[in-house]
Amino acid sequence: MSARMHLSPAQHAHPRSPGEEQFALAAELLALLGDRTRLTLLHALTAGEADVTTLTEVCGAARPAVSQHLARLRLAGLVGTRKEGRRVVYSLRHGHLRRLVDEALKVADHRLAETATESPAGTSADVPAEVPTDVPTEEVR
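It should be emphasised that the depicted structure is a prediction, and the values quoted were computed from it without experimental measurement.

K.L.:
Would you mind going over helix α4 (residues 63-75) in detail, with residue names and values included?
P.N.:
A rise of 1.5 Å per residue sets the reference length of α4, with its 13 residues, at 18 Å; its end C-alpha atoms lie 18 Å apart and thus fit the reference within 8%. Within α4, the full set of buried residues consists of Val66, His69, Leu70 and Leu73. Angularly, the buried residues of α4 cover 100° about the axis, an arc narrow enough to put them on a single face. Projecting away from the buried face of α4 at angles above 90 degrees are the exposed residues Pro64, Gln68 and Leu75. Summarising the contacts, the buried residues of α4 are in contact with α2 (36-45), α3 (52-59), β2 (79-84) and β3 (87-92).

So this is what it looks like as structure tokens:
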């Protein structure tokens, strides 16, 4: 294995060197995406608009938690809302965000594939090793 890391050329790379403000805002964005529930919500919204009830079912979190996460995403300008009767419907505000979520999940797919190929044959990193049955154990009282 080569010590050098293979980096493919980025398509549609940023046209100029980002400034300090852009790095700071990008870091805030990535921090928001670093939460599993928010990432799940954003991924669900890549398929289209959804209300809180639908998003709660998708991510499996409690409704108040989902509402708080959506509020953070809305305040950050990542999701938009519109009223439909009494319901509030959420949507992604930018196509760039859809691509960012998709790319993050693709990177995760690559990491999982790499981990699977690096595991010794016949074992899995997620499955604990068998406990020997011929070793005496002490009773816990």
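K.L.:
Run through the nonpolar core, naming residues and quoting values.
P.N.:
Ranked by internal contacts, the top residues of the largest apolar core, which has 18 residues, are Leu42, Leu45, Leu55, Leu70, Val79, Tyr90 and Leu97. Among the secondary structure elements, those contributing two or more residues to this core are α1 (20-33), α2, α3, α4, β3 and α5 (95-118). Ranked by the residues each element gives to this core, the list is headed by α2, at 4 residues. Not counting residues up to four positions away in its chain, the partners in contact with valine 79 are Leu42, Leu45, Leu70, Leu73, Arg74, Tyr90, Ser91, Leu92 and Arg93.

K.L.:
Tell me about the sheet that holds strand β1 (residues 50-51), residues and numbers included.
P.N.:
Strand order in the open sheet formed by 3 strands is β1-β3-β2, with antiparallel pairing between adjacent strands. For this open sheet the edge positions go to β1 and β2, each flanked by a neighbour on one side alone. The sheet contact formed by β2 and β3 spans 6 bridges and is antiparallel. Bridging across to β3, threonine 81 finds its partner in tyrosine 90.

K.L.:
Tell me about the pattern of salt bridges, and please be specific about residues and values.
P.N.:
Tallying each qualifying case throughout the model produces 5 salt bridges. Note that aspartate 51 and arginine 87 form a salt bridge whose closest N and O atoms lie 3.5 Å from each other. One end of the pair, aspartate 51, is in strand β1; the other, arginine 87, is in strand β3, and 36 residues separate them in sequence. Accessibility expressed as a relative area gives 10% for aspartate 51, which makes it buried. Accessibility expressed as a relative area gives 38% for arginine 87, which makes it partly exposed. Salt bridges sharing common partners tie together Glu49, Asp51, Arg82, Glu84 and Arg87.

Conventions and cut-offs
- Residues numbered from 1 in each chain as written.
- Predicted model: local features only at pLDDT ≥ 70, side-chain atom pairs only at ≥ 80, totals over all residues.
- Heavy atoms only, no water.
- Helix = DSSP H or I, 4+ residues; strand = E, 2+ residues; numbered from the N terminus.
- Expected span 1.5 Å × (residues − 1).
- Buried < 20%, exposed > 50% of the residue type's maximum accessible area, 1.4 Å probe, protein only.
- Arc of directions from axis to C-beta.
- Contact = heavy atoms within 4.5 Å.
- Core = buried A, V, L, I, M, F, W, Y, C linked by side-chain atoms within 4.5 Å.
- Pairing = 2+ DSSP bridges.
- Salt bridge = Lys/Arg side-chain N within 4 Å of Asp/Glu carboxyl O.

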